[in-house]
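Read off the chains here:
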Amino acid sequence: MMKIAKTPAPLIVPNPEDPRLTEQVTGVDQTGARTEIKVPVERPLTLYLNAQEIVTMMTINDYPEYLALGYLLNQNMLKYDDVVTEVEYDDDLQVVVVRTEHHTNFETKLKKRTQTSGCAQGTAFGDLLEAFENVALPKAELRTSWLYQMTSMINSMPSLYLEAGAIHGCVLCKESTLVCYTEDVGRHNAVDKIAGWIYRHDVDPADKILYTTGRLTSEMVIKTVRMGIPILVSRSGFTAWGVDLARQVGLTLVGRTRGKRFIALSGEERIIYDQNLEYVEEESVRHKRKGEDRED
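Residues numbered from 1 in each chain as written. Predicted model: local features only at pLDDT ≥ 70, side-chain atom pairs only at ≥ 80, totals over all residues. Heavy atoms only, no water.

Undergrad: Hey, could you run me through the confidence of the model for the protein in this one?
TA: Low pLDDT marks regions whose predicted coordinates should not be analysed in detail. Averaged over all residues, the pLDDT of the protein is 88; the fraction at 70 or higher stands at 86%. pLDDT under 50 marks residues 114-125. Its contacts with residues more than four places away, or in other chains, come to 40 contacts. (pLDDT = per-residue confidence, 0-100. Contact = heavy atoms within 4.5 Å.)

Structure below.
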């Protein structure tokens, strides 16, 4: 069988009007008055690799095929040169099956999985660190003009977060242009969708920037490196191990990116300061997320 066909990469952006992704819920506010709000859905999605059940994920389930491929790639169960013959999704059963040309058996590895800082279900295996043994991230640059244009565009774009909250986003950019913007209840799901999209459409990661709304943890650094992306940006903060791993491989790690401000703790040699800060606006209060004031 042939490897699943590579097709032109579609532009993916959030669709907050999709009725499958939110539910209307009634409650009371601080005065006791009845109120209605939208909240994101969570649906179980069970992933099989050939005949083996791998994991059940809680997800908004808007791109199950990308999520399945990206999860397997980021967990080192698939290699980027593996032959995937089929990705089959059954909406009624809420099951996605990834079929490969070669036999797979991850029973032993699944028993040894360890919990990571990823919210909801993030698991990583010890051999994920194999990605750091001989890694060579591509040379790239991060112009501050791109950074400010990119973050301004992300903040102003309609999204599930602005519609209902309680959601994370990951955005793949080329310079200041958004090419793939995914959201989910866990940041690990959002970044796995990016990985699946890159694989499915044979996208070159060497000149890309990955933006996330979540923390810059070891898990996020490992997944970014596995995808071959040289620059990782977040509106949130860092963990010590995330910084250590980024420095080991020369990943450009930029956090607390809000308004005029950002902090780079690794790979700062890629940054080109070409933006006059007098022309950069501070971030609107509407776009602040829970707990961010504690990082100021």
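Undergrad: What should I look at first to understand the packing of aromatic side chains in this one?
TA: The geometry of an aromatic ring pair is captured by two quantities: the separation of the ring centres and the angle between the planes. With the rule as written, the count across this model stands at four aromatic pairs. Between Y148 and F262 the ring centres are 6.3 Å apart and the planes differ by 50 degrees, which places this aromatic pair in the tilted class. On the criterion of sequence distance, the pair formed by Y148 in helix 3 (residues 144-156) and F262 in strand 15 (residues 261-266) is long-range, its members being 114 residues apart. You'll find Y148 and F262 in the same group, each marked buried. Chaining the aromatic ring pairs together yields one cluster made of Y148, F262 and Y273. (Phe/Tyr/Trp six-rings, centres within 6.5 Å; stacked < 30°, edge-to-face > 60°. Helix = DSSP H or I, 4+ residues; strand = E, 2+ residues; numbered from the N terminus. Buried < 20%, exposed > 50% of the residue type's maximum accessible area, 1.4 Å probe, protein only.)

Undergrad: Any chance you could explain the nonpolar core here in plain terms?
TA: Grouped together as the largest cluster of nonpolar side chains are 30 residues, with contacts concentrated most on L172, W197, L210, V221 and L251. For this core, the secondary structure elements donating two or more residues are strand 10 (168-174), strand 11 (177-184), helix 5 (187-200), helix 6 (218-227) and helix 7 (240-249). A per-element tally of this core places helix 5 first, with six residues. When neighbours within four sequence positions are excluded, L172 is seen to be in contact with T177, L178, V179, C180, I194, W197, I198, K208, I209, L210 and I229. Core analysis: the next-biggest nonpolar cluster, separate from the first, contains 21 residues, I4, L49, A68 and Y199 among them. (Core = buried A, V, L, I, M, F, W, Y, C linked by side-chain atoms within 4.5 Å.)

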